[in-house]
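As a plain string of letters, each chain reads:
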Protein chains: 2
Amino acid sequence: MHYPLPLARLIEGFQKLPGIGPKTATRLAFHTLKMKEDDLRDLAEALLSVKRDLKTCSICHHVTDEDLCPICRDPARDRSTILVVEESKDVMAMEKMKEYRGLYHVLGGVISPLEGVGPEQLTIKPLLERLKDETIKEVIIATNPSIDGEATAVYLSRLIKPSGIRTTRIAYGVPVGGDLEYADEVTLAKAVEGRREY
Amino acid sequence: MHYPLPLARLIEGFQKLPGIGPKTATRLAFHTLKMKEDDLRDLAEALLSVKRDLKTCSICHHVTDEDLCPICRDPARDRSTILVVEESKDVMAMEKMKEYRGLYHVLGGVISPLEGVGPEQLTIKPLLERLKDETIKEVIIATNPSIDGEATAVYLSRLIKPSGIRTTRIAYGVPVGGDLEYADEVTLAKAVEGRREY
């Protein structure tokens, strides 16, 4: 039994999305048959709009629909600190905590020799350009605690330190409200390593 | 922190799909930023095509891109039996088993007073029309074993039986390869109720 072509194409299309296998894709595709035509058109239009209307901020490379992102445009932000993250979604996560008032820099990934990603594919050169501005006093590196994320953090810190700008790494440890029992051993090791004096 | 409009619209659009909440929708939306433009265009086009190019078979109401579905067109199918299902995806599931060689009838849902679905919103009238054809000897009702599915099955059987056509319900019980221990009590009750003599 073959699916009619329009349905088969949609099932294939959904499978290009992360975490969506053939079963889920089929379920989603059948669901669209019952959706309002307007909702389908809105979703299709939004998919097309993402590449057409979004760009990255010309200062921090965060995703935006204008030339500068709202954070770089905001005069109330502290311009002496830059927090370096891998992806735009990490900026969103950081902004949710509403504590950090400095600026960001989105690398666009991490250095990964296995995946053929070198420093030149990331926004490292523009970051170093930004650091020539003397108002910048600290760079906080917040790449993920993965092997590539750690290696990228070390690489960046070595590039930045000679400039005399304070270079820090965010703390990794047991999550607040978490239970020691459920923390994996790498997290526990990081938590012990990152211990602080009372 | 607000998302740029194109991203916000896409997150909203993804949430119209079943089983996709705000978190998954956000993850999918951010992933599209890294997708090839061609893949995005294909997915958007497939979403539009589903409503535009698909219709239901004029005999059995199964989803198709032609006037008659491949099953109704197939001269090798047994025209004496009609298996009644709720949705087109149920036809696909049945066809996967490759055992059933008769025809289908897709109701388009089940009678559900709570959701305001009455018999007239389903393809019950066209089903009764089909049964006027004397080649039809049996109607197998395969609605889901939910409350509404059962009620719809009983409703249909009462409509069809007076015509003298054999009316049956598929068996519900413990799945083959399943373990009694993991079967819920309703399934177990159905399995006992549907027991057969050796």
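An unreviewed UniProt entry annotates chain A as Recombination protein RecR of Candidatus Carbonibacillus altaicus. UniProt, in the comment section headed Sequence similarities (unreviewed entry), describes chain A in these words: "Belongs to the RecR family." What UniProt records for chain A under Function (unreviewed entry) is the sentence "May play a role in DNA repair. It seems to be involved in an RecBC-independent recombinational process of DNA repair. It may act with RecF and RecO."

**Considering the UniProt feature "domain: Toprim" (unreviewed entry) in chain A**
Following the UniProt record, one finds the feature "domain: Toprim" (unreviewed entry) at residues 80–175 of chain A. What you have in residues 80–175 of chain A is 31% helix and 18% strand, and the ends, taken at the C-alpha atoms, are 28 Å apart.

**A few points about the packing of aromatic side chains**
All names here are of chain A. Counted under the stated rule, the structure contains four aromatic pairs over all chains. Residues Tyr-100 and Tyr-104 carry aromatic rings whose centres are separated by 5.2 Å and whose planes lie at 65 degrees to one another, so their mutual orientation is edge-to-face. When its relative accessible area of 12% is taken as the criterion, Tyr-100 is described as buried. A relative accessible area of 1% means that Tyr-104 is categorised as buried.

**Quick word on the sheet that holds strand β5 (residues 138–141) of chain A**
Residue and element names in this part refer to chain A. The four strands are arranged β4-β3-β5-β6 in an open sheet whose pairing can be described as parallel. In the strand order of this sheet, the two ends are held by β4 (103–106) and β6 (166–169), each with one partner. Between one strand axis and the next, the sheet turns by 25 degrees as a mean value, whatever way the strands run. Here strand β3 (residues 81–85) runs beside β4; their pairing, made up of four bridges, is parallel. Residue pairing across strands places Ile-82 opposite Leu-103, the latter belonging to β4. Strand contacts of helix α5 (residues 88–96): β3 and β4, with the helix running at about 155 degrees to β4, the strand carrying the most contacts.

**Side note on the packing of helix α1 (residues 5–14) of chain B against helix α2 (residues 22–32) of chain B**
All names here are of chain B. The geometry of α1 relative to α2 is characterised by a closest axis approach of 8 Å and an angle of 130 degrees between their N-to-C directions. By the angle class used here, α1 and α2 are oblique. Here α1 runs over α2; the crossing is right-handed. Between α1, through Leu-7, Leu-10, Ile-11 and Phe-14, and α2, the contact on the second element is made entirely by Pro-22, Ala-25, Thr-26, Leu-28, Ala-29, Phe-30 and Thr-32. Per-class residue counts for the contact of α1 with α2 are nine nonpolar, two polar and no charged.

**Points about the nonpolar core**
Here is a general trend for soluble globular proteins: nonpolar side chains tend to be buried in one another's company. Counting residues in hydrophobic clusters, the biggest one holds 40 residues, and the most contacted among them are A:Phe14 and B:Phe14. Those elements that provide at least two residues to this core are α1 (5–14), α2 (22–32) and α3 (37–53) of chain A together with α1, α2 and α3 (37–53) of chain B. Leaving out residues up to four positions away in the same chain, B:Phe14 has contacts with A:Leu17, A:Leu43, A:Leu47, B:Ile20, B:Ala25, B:Leu28, B:Ala29 and B:Thr32.

**Some details on the interface of chain B and chain A**
Contacts between the two partners involve 47 residues from chain B, matched on the other side by 47 residues from chain A. Contact between chain B and chain A buries roughly 4700 Å² in total, counting both sides, with carbon and sulfur atoms accounting for 77%. The interface formed by chain B and chain A holds four salt bridges in total. Of the charged contacts in the structure, one is a salt bridge between A:Lys34 and B:Glu87, with a shortest N-O distance of 2.9 Å. Here chain B is connected to chain A by 11 residue pairs in polar contact (both at pLDDT 80 or more). Elements supplying a minimum of two residues to the side of chain B that touches chain A: α1, α2, α3, β2 (63–64) and α5 (88–96) of chain B. With 13 residues, α3(B) is the single largest residue contributor to the side of chain B that touches chain A. Across the side of chain B that touches chain A, the residue classes tally to 26 nonpolar, seven polar and 14 charged.

**Overview of the environment of B:Gly194**
Residue position: B:Gly194 is located in the segment after α8 (185–193). Once the C-alpha coordinates of B:Gly194 and B:Ala171 are considered, the two residues, 23 residues apart in sequence, prove to be 6.9 Å apart.

**Some words on the relation of the copies chain B and chain A**
Turning chain B through 179 degrees and shifting it by 0.1 Å along the axis lays it on chain A, with an RMSD of 0.2 Å. Seen this way, the second copy is the image of the first under a two-fold rotation axis. Ranked by how close their C-alpha atoms come to the rotation axis, the residues of chain B are headed by B:Ala44, at 2.1 Å. An overlap of 100% is found between the interface residues of chain B and their copies at the interface of chain A, pointing to a shared contact surface.

**A look at the UniProt feature "zinc finger region: C4-type" (unreviewed entry) in chain A**
As annotated in UniProt, the feature "zinc finger region: C4-type" (unreviewed entry) corresponds to residues 57–72 of chain A in the numbering used here. Between the C-alpha atoms that bound residues 57–72 of chain A the distance is 8 Å, and the span itself is 19% helix and 12% strand.

**A closer look at the environment of B:Gly109**
All names here are of chain B. Checked against the element boundaries, Gly-109 lands in the loop between β4 (103–106) and α6 (124–130). Spatially, the C-alpha atom of Gly-109 lies 23 Å from that of Ile-165, the residues being 56 residues apart in sequence. Not counting residues up to four positions away in its chain, the partners in contact with Gly-109 are Glu-86, Glu-87 and Leu-122.

How each quantity is defined
- Residues numbered from 1 in each chain as written.
- Chains lettered and ligands numbered in written order.
- Predicted model: local features only at pLDDT ≥ 70, side-chain atom pairs only at ≥ 80, totals over all residues.
- Heavy atoms only, no water.
- UniProt positions renumbered as here; feature names shortened; annotations may be inferred.
- Helix = DSSP H or I, 4+ residues; strand = E, 2+ residues; numbered from the N terminus.
- Phe/Tyr/Trp six-rings, centres within 6.5 Å; stacked < 30°, edge-to-face > 60°.
- Buried < 20%, exposed > 50% of the residue type's maximum accessible area, 1.4 Å probe, protein only.
- Pairing = 2+ DSSP bridges.
- Axes fitted to C-alpha atoms, helices over the stretch in contact; angles between N-to-C directions.
- Contact = heavy atoms within 4.5 Å.
- Parallel < 35°, antiparallel > 145°, perpendicular 65-115°, else oblique.
- Left-handed = near helix turned anticlockwise from the far one by under 90°.
- Nonpolar A, V, L, I, M, F, W, Y, C, P; charged D, E, K, R; others polar.
- Core = buried A, V, L, I, M, F, W, Y, C linked by side-chain atoms within 4.5 Å.
- Buried area = accessible area lost by both parts, 1.4 Å probe.
- Salt bridge = Lys/Arg side-chain N within 4 Å of Asp/Glu carboxyl O.
- Polar contact = N/O pair within 3.5 Å; in protein donor to acceptor, adjacent residues only side chain to side chain.
- Least-squares fit on C-alpha atoms with pLDDT ≥ 70 in both.

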